[in-house]
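Architecture at a glance
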2 protein chains.
Amino acid sequence: MNGYVSDAVVRRLPGYYRHLRELEENGVVQISSQELGERMSLTPSQIRQDINCFGGFGRQGYGYPVHELKEHIGEILGLNRKHRMAIIGAGRIGNAVSRYPSFRREGFETVAMFDSDPALMTEEDDGIGIYDISRLEELLPEMDISIAVLAVPATAAQKTADRLYACGVRAIWNFAPVDLQHPADMEVVNVHMSDTLHILSYRMAHPDADRK
Amino acid sequence: MNGYVSDAVVRRLPGYYRHLRELEENGVVQISSQELGERMSLTPSQIRQDINCFGGFGRQGYGYPVHELKEHIGEILGLNRKHRMAIIGAGRIGNAVSRYPSFRREGFETVAMFDSDPALMTEEDDGIGIYDISRLEELLPEMDISIAVLAVPATAAQKTADRLYACGVRAIWNFAPVDLQHPADMEVVNVHMSDTLHILSYRMAHPDADRK
DNA sequence: CTTCACATGTGAATCTTTTAACAATTTAAT
DNA sequence: ATTAAATTGTTAAAAGATTCACATGTGAAG
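Residues numbered from 1 in each chain as written. Chains lettered and ligands numbered in written order. Predicted model: local features only at pLDDT ≥ 70, side-chain atom pairs only at ≥ 80, totals over all residues. Heavy atoms only, no water.

All names here are of chain A. Orientation of helix α1 (residues 7–25) relative to helix α4 (residues 66–76), taken along the N-to-C sense of each, is 145 degrees, at an axis distance of 9 Å. Handedness of the crossing formed by α1 with α4: left-handed. Here L13, Y16, Y17, L20, R21, L23 and E24 of α1 come into contact with α4, specifically with V66, H67, L69, K70, I73, G74 and I76. Its residues assigned to classes, the contact of α1 with α4 comprises 9 nonpolar, 2 polar and 3 charged. (Axes fitted to C-alpha atoms, helices over the stretch in contact; angles between N-to-C directions. Helix = DSSP H or I, 4+ residues; strand = E, 2+ residues; numbered from the N terminus. Left-handed = near helix turned anticlockwise from the far one by under 90°. Contact = heavy atoms within 4.5 Å. Nonpolar A, V, L, I, M, F, W, Y, C, P; charged D, E, K, R; others polar.)

Our focus in this paragraph is the environment of G74 of chain A. All names here are of chain A. Mapped onto the fold, G74 is located in helix α4. With a relative accessible area of 6%, G74 lands in the buried category. Spatially, the C-alpha atom of G74 lies 9.9 Å from that of R21, the residues being 53 residues apart in sequence. (Buried < 20%, exposed > 50% of the residue type's maximum accessible area, 1.4 Å probe, protein only.)

It is worth spelling out the sheet that holds strand β3 (residues 83–88) of chain B at this point. The strands making up a sheet associate through hydrogen bonds between their backbones, and the pairing can be parallel or antiparallel. All names here are of chain B. Spatial ordering of the open sheet is given by β5-β4-β3-β6-β7-β8, a layout of 6 strands whose pairing is parallel. If you trace the sheet from one side to the other, it starts and ends with β5 (129–132) and β8 (187–190), each paired once. The sheet shows a mean angle of 25 degrees between the axes of neighbouring strands, taken without regard to direction. Judged from the 6 bridges that link them, β3 and strand β4 (residues 108–115) form a sheet pairing that is parallel. Bridge pairing links I88 to F114 in β4. Taken strand by strand, helix α5 (residues 92–99) contacts β3, β4, β6 (147–150) and β7 (171–174), and its axis lies near 155 degrees from that of β4. Lying on the sheet, helix α8 (residues 154–166) is in contact with β3, β6 and β7; it crosses β6 at an angle near 165 degrees. (Pairing = 2+ DSSP bridges.)

Residues and elements named next belong to chain A. Pairing is parallel in the open sheet, where 6 strands are placed in the order β5-β4-β3-β6-β7-β8. Since the sheet does not close on itself, it has two edges, and those belong to β5 (129–132) and β8 (187–190), each with one partner. Taking the axes of each pair of neighbouring strands and ignoring which way they run, one obtains an average angle of 25 degrees across the sheet. Pairing geometry for strand β3 (residues 83–88) and strand β6 (residues 147–150), over 4 bridges, is parallel. Bridge pairing in β6 links I88 to L150. Packed onto the sheet, helix α5 (residues 92–99) meets β3, β4 (108–115), β6 and β7 (171–174) and runs at close to 155 degrees relative to β4. Along the sheet, helix α8 (residues 154–166) makes contact with β3, β6 and β7, crossing β6 at roughly 165 degrees.

Glancing now at the nonpolar core. For soluble globular proteins, nonpolar side chains are generally found buried alongside one another. Core analysis: the largest hydrophobic core is formed by 96 residues, its most contacted members being W173 of chain A together with W173 of chain B. The residues contacting W173 of chain A, other than those within four sequence positions of it, are V97, F103, I147, A148, V149, L150, V189 and V191 of chain A together with M193, T196, L197 and L200 of chain B. (Core = buried A, V, L, I, M, F, W, Y, C linked by side-chain atoms within 4.5 Å.)

Everything listed here is a matter of geometry and, on its own, says nothing about what the molecule does.
Following this line, the structure appears as structure tokens:
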């Protein structure tokens, strides 16, 4: 139990959470680093090392208790908290995210959308209002938003991020294919879907390259 | 110029490509590792090290030629090739991907969609046919698909991936929140959007943690 | 033509991450 | 009650990635 969670471990945490939840749903109550490693394509050694840094869950000769470990990782990830999200850009991606049911189940609730296309300005069937983006400064600060989902075109992304910061937003989940410049007190995580497609393209072009 | 491209470098390649294209669009013809590093939040040293592994582009006292470097990275990524994609699962995510215009521009063309919901079985306005997923084995092998976009619910993902493999598909761009088991001769890259949201949640819960 | 500032390529040093190894503990079986 | 098999926590070693430092080459200015 060493306490410090390195960035390499943080990147794997959502994967642990996902697999443990799935195991729990299937009624599995206990799992060894060996077995979990096979599922996740990690070495048992790495799994023990990872879990050990927030320590004390395993029992020798037995393994790890699935439910308890999942809950603990969920807490480390902050999944016990609730988040109110605003979606900026009500195009296909923005809508896909706002309707994706598992986010809401995990405490990420979409409470409003903003777009520049007036055709979309309407109360949606699910009760999420869509507002003109020109009203961002007027409406957003009242909404108690903790996460903004940025799903605008690349060309508008930086300017919009700046406006969001000015409205008090301190966390952006960015779907625009752009690396945003941002103050240190605003967190930004990028989805950058096309990057993953490019990596697939790379692997197809170099089937020989050993992945390490 | 050492030739071997490590996985850490491959993961950064799409970012280089993105930034270089943007620079090129803005008419920038030359850039130093210093300046590029500021844009990308990488050290100049790392950039020189990265670019050096497929070598020989920079000129001392001058920097790197933007167009030439971009083109070369594009080739390494395999972006000179064309790909025909089939989208499996015509829900919001599947549709968002198939309509996203920049993929087509980069040579990734959606040629068909499959879904289990008969309400969707129709020729779309953009000419992309939507077929019942039960006809996968009948239709897909004829279509000369090189990439399948998997956008079905988590519960169906593994079974569907197995069927795709049986149909001859050897590359999957996976949007289902699942780590697929797959033969070594099939490439899979995951988007796992919710993982990035979980990482955002982690960072919000631990604003102190140094990101390294 | 000389000089100066700039910026790369590269080898070595440092830091991080992963893997290996094993003593210690638990479970289950006989 | 003993023993055998399983499996962790942890330390140490190995591998990998990043940063540093500097010699070397380039371009521009005087």
